[in-house]
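Understanding the architecture of this molecule
Okay, here's what each chain looks like letter by letter:
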Amino acid sequence: MEMHPRVREQTRSEFDTLIPDESELTANVRIEPGRAYGFFTDTTVCIGCKACEVACKEWNNLPADNIGLTGESYDNTGALSANTWRHVSFIEKPVLRHDLQQPFQSGWLMMSDVCKHCHNAPCLEACPTGAIFKTEFDTVVVQQDICNGCGYCVPACPFGVVDVSKVDGKAHKCTLCYDRLKGGLEPACAKSCPTDSIQFGELHKLQARAQERVAELHALGVANAYLYGTPGAAGATGDLQYLNAFFLLTDRPETYNLPAAPTRPANRVAPALTSGLATVAGLAVAALALFARRW
Amino acid sequence: MDLADRADIAPPTPEEPPPVRRHPSEPMPRWPSGWQGPTYYGRAQLKAAPFENGVVGGYIFFAGLSGASALLSTIASTASPRASAALERRARWLTLLAPVLGAPLLIYDLHTPKRFYNMLRVAKGTSPMSIGTWILSAFSASAFLASGAGWWGDRRPNRRGWRRLSTLARWSSALAGAGLSTYTAALLSATSTPLWAAAPRSLAARFGASSMATGAASLALGQRGRTRRNLDAITAAALAAELTATLVSHHRYSRSGIAGAFQTPWGRLEEGGATALGLVAPLAMYGATLARGGRSPLPALATLAGSLLFRISIMGVGDVSARDPELSFRFAQPDNLPGAHSPSRASG
Ligand code: SF4
């Protein structure tokens, strides 16, 4: 990624004001309402440092979930939750590539998981209060002053992301740093990622960059690299169309705790309603015939 | 691109092909249940609904009972007005169960109950919870109007206007009642919880039939004569329809590879409690007494208990399927996508 010319103007190391459109300097992205933004998480360069988890907690003022060890590799966070909006998963595999790798060398897969900001977002479609909405940046956000904690978004999400907090009784999840985007700042996790495993940007540019990255990896001999959540790929199945936060993976989706072929729950509303009403109508007609007979 | 054909994410081929039943006398084949591949330390892939099963299941029961009794009593008094006067009076009370008991249960289950009115901010076709909010609102308004005007009209025999208003409101509550007795199935189906999502059509047929059975059974309690026989016959027909839909949905769970969710306490409650004792048993009792006309309230009570148990246990089995990554991953395989070309495509 080439550096933005405006970077040269910033000679200070301490700031008392915001740099206008700071994201141009840090991510080479100008944030403007009306455009679609997202995350491209390239798991092949994730080093499992959890800077994203920490940056997310700090910026969003989120409490810790689990203080202790899980025994599951270096993952002591466990899962996304109402208080955890980035989660780095660690998968220890004995040998990744027999030809190049010594067995004692890294067999680790690491992935920073996050809300996928689905195009046809099931949580949003399920929300009965309109608390969950699509922002001007094409991201999915829960409005905390409206949510009444019905919890229907929780089973709606095909990725097990959104969660109702036991503390305040509202649904919480990643906002793709809605407040930072409004201020021209790159989301905290992407800004803090030291290897650019998390890339923030305009969605169509990210998708093109991700395709190039897959081609590059294939050329390097990593034949199992593929995208999860781009149009037509795994994770974007069943009428979800595409995910604004998508991933480059090198193993089956389930390895990373992701579903291979999720579906769009709203597509089941009409079949269920028509079948239920038809059953009731059939029995109602039978009842009418019984009550109307003269014998 | 067909995901099922992609080597990198296609499911590992099962060792044995899915079993085929060659003759109806053979027992139902057992399809391999669960995902055979990797999971993430056995952790859940989905989050289970944060509903209280007894509370939401109870609401679904009362909504179905009220909705169906509004529909059935309106039909009865339209078809034979004179024979149905007592039925109509009983229905006045039954239709008020959904607004008086059901709605508070729903509000109690919210995690921020004092904001319940935010449900009325929007109307959304993609959200059965929003659809249901409006159905329940329409039903409650018309049920109160119908019951109130009917009660008042009974005391003023000359005021025909009250009776007419009551009839109008009853028809409105009958229509809303049809929706109220079945939208809850759409609410469960339109989620990512595997067991609720696997069989939207047959789950809704079960919910609709179960509601009609409870509506007829509760109207029949204390009723005598021909009306009682008619209501018993309707209950029996509804139970038969429910049993058929139950068999279809279980076949569907088995074909989607998630039938393992029933090998749990919730599953045994659904199969042994709700289906065997609360559905098959009353159906048999009705079958035995239908010709003579039974006196015992037992089949009606068993029907009511069975329906309540069914609504609660299906919530529990759903939670099981969401918490178990082997069931969630199995369900989210490309062969379970709508329109996929696998043998499990028969819609249900
Ligand atoms: S991943 Fe889940 S929480 Fe995020 S937008 Fe999609 S449905 Fe909503």
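Residues numbered from 1 in each chain as written. Chains lettered and ligands numbered in written order. Predicted model: local features only at pLDDT ≥ 70, side-chain atom pairs only at ≥ 80, totals over all residues. Heavy atoms only, no water.

Quick word on the overall build of chain A
- The secondary structure content of chain A amounts to eight helices and ten strands.
- In terms of its C-alpha atoms, chain A occupies a principal-axis envelope of roughly 95 × 55 × 40 Å.
- Considering only contacts within chain A whose residues lie at least 6 apart along the sequence, 64% involve residues at least 24 apart.
- Carbon and sulfur atoms form 56% of the exposed surface of chain A, whose accessible area is close to 12,200 Å².
- In chain A, 26 positive and 32 negative side-chain charges are present, and the distance between their average locations comes to 7 Å. (Helix = DSSP H or I, 4+ residues; strand = E, 2+ residues; numbered from the N terminus. Contact = heavy atoms within 4.5 Å. Areas by Shrake-Rupley, 256 points an atom, 1.4 Å probe, with all protein chains shown as cover. Lys, Arg positive; Asp, Glu negative; His and termini not counted. Charge placed at Lys NZ, Arg CZ, Asp CG, Glu CD.)

Section: the site of the ligand
- Around the ligand, the surrounding shell holds 14 residues, and the nearest of these are Cys115, Lys116, Cys118, Cys123 and Cys157 of chain A.
- Looking at the shell around the ligand residue by residue, the class counts come to eleven nonpolar, one polar and two charged. (Near = heavy atom within 4 Å. Nonpolar A, V, L, I, M, F, W, Y, C, P; charged D, E, K, R; others polar.)

Focus on the pattern of salt bridges
- This model, assessed by the stated rule, comprises 25 salt bridges over all chains.
- One salt bridge in this structure joins Glu88 of chain B and Arg170 of chain B, with 3.2 Å as the shortest N-O distance. Taken together, the positions of Glu88 of chain B in helix H2 (residues 85-95) and Arg170 of chain B in helix H5 (residues 160-180) put the pair 82 residues apart, joining distant regions of the chain. Accessibility assignment for this pair places Glu88 of chain B and Arg170 of chain B in one class, buried.
- Bridged by salt links that share partners, the residues Arg6, Asp21, Glu24, Arg30, Glu32, Arg35, Glu202 and Lys205 of chain A form one connected network. (Salt bridge = Lys/Arg side-chain N within 4 Å of Asp/Glu carboxyl O. Buried < 20%, exposed > 50% of the residue type's maximum accessible area, 1.4 Å probe, protein only.)

Quick notes on the pairing of strand S3 (residues 108-114) of chain A
Residues and elements named next belong to chain A.
- Among the seven residues in S3, six count as buried, and that is most of the element.
- Both strand S2 (residues 86-92) and S3 contribute to a ladder of seven bridges, which runs antiparallel. Paired with Phe90 across the two strands is Met110, which belongs to S3. (Pairing = 2+ DSSP bridges.)

Remarks on the environment of Ala238 of chain B
- As for its placement among the helices and strands, Ala238 of chain B is situated in helix H9 (residues 225-255).
- Distance from Ala238 of chain B to Gly37 of chain B, taken between C-alpha atoms, is 41 Å for residues 201 residues apart in sequence.
- If sequence neighbours within four positions are ignored, Ala238 of chain B has contacts with Leu283 of chain A together with Ala209, Met212 and Ala213 of chain B.

Notes on unusual backbone geometry
Residues and elements named next belong to chain A.
- Unlike most non-glycine residues, Leu176 shows phi in positive territory, near 50°.
- Along the chain, the position of Leu176 falls in the loop between strand S7 (171-172) and helix H5 (178-182).
- Of note in the backbone geometry, Asn257 takes a positive phi value of approximately 65° without being a glycine.
- Considering the arrangement of structural elements, one finds Asn257 in the loop between strand S10 (245-249) and helix H8 (269-292).

Focus on the domain arrangement of chain A
- Assigned domains of chain A: these are domain 1 (5-263) and domain 2 (269-295).
- One C-alpha centre belongs to domain 1 of chain A, the other to domain 2 of chain A; they are set 48 Å apart. (Domains from an automatic or database assignment.)

Comments concerning helix H11 (residues 298-323) of chain B
- Its 26 residues place the ends of H11 of chain B 37 Å apart at the C-alpha level, agreeing with the 38 Å of an ideal helix rising 1.5 Å per residue.
- Of all 26 residues in H11 of chain B, 20 are buried, a share of seventy percent or more. (Expected span 1.5 Å × (residues − 1).)

Points about the confidence of the model for chain B
All names here are of chain B.
- Across chain B, the average pLDDT comes to 89, with 88% of residues at 70 or higher.
- Across residues 10-18, where pLDDT falls below 50, the model places eight contacts with residues more than four positions away in sequence or in other chains.
- Note that residues 342-348 has pLDDT below 50 and, in this model, 22 contacts with residues that lie over four places away or in other chains.
- Listed scores for the predicted complex are pTM 0.92 and ipTM 0.93. (pLDDT = per-residue confidence, 0-100.)

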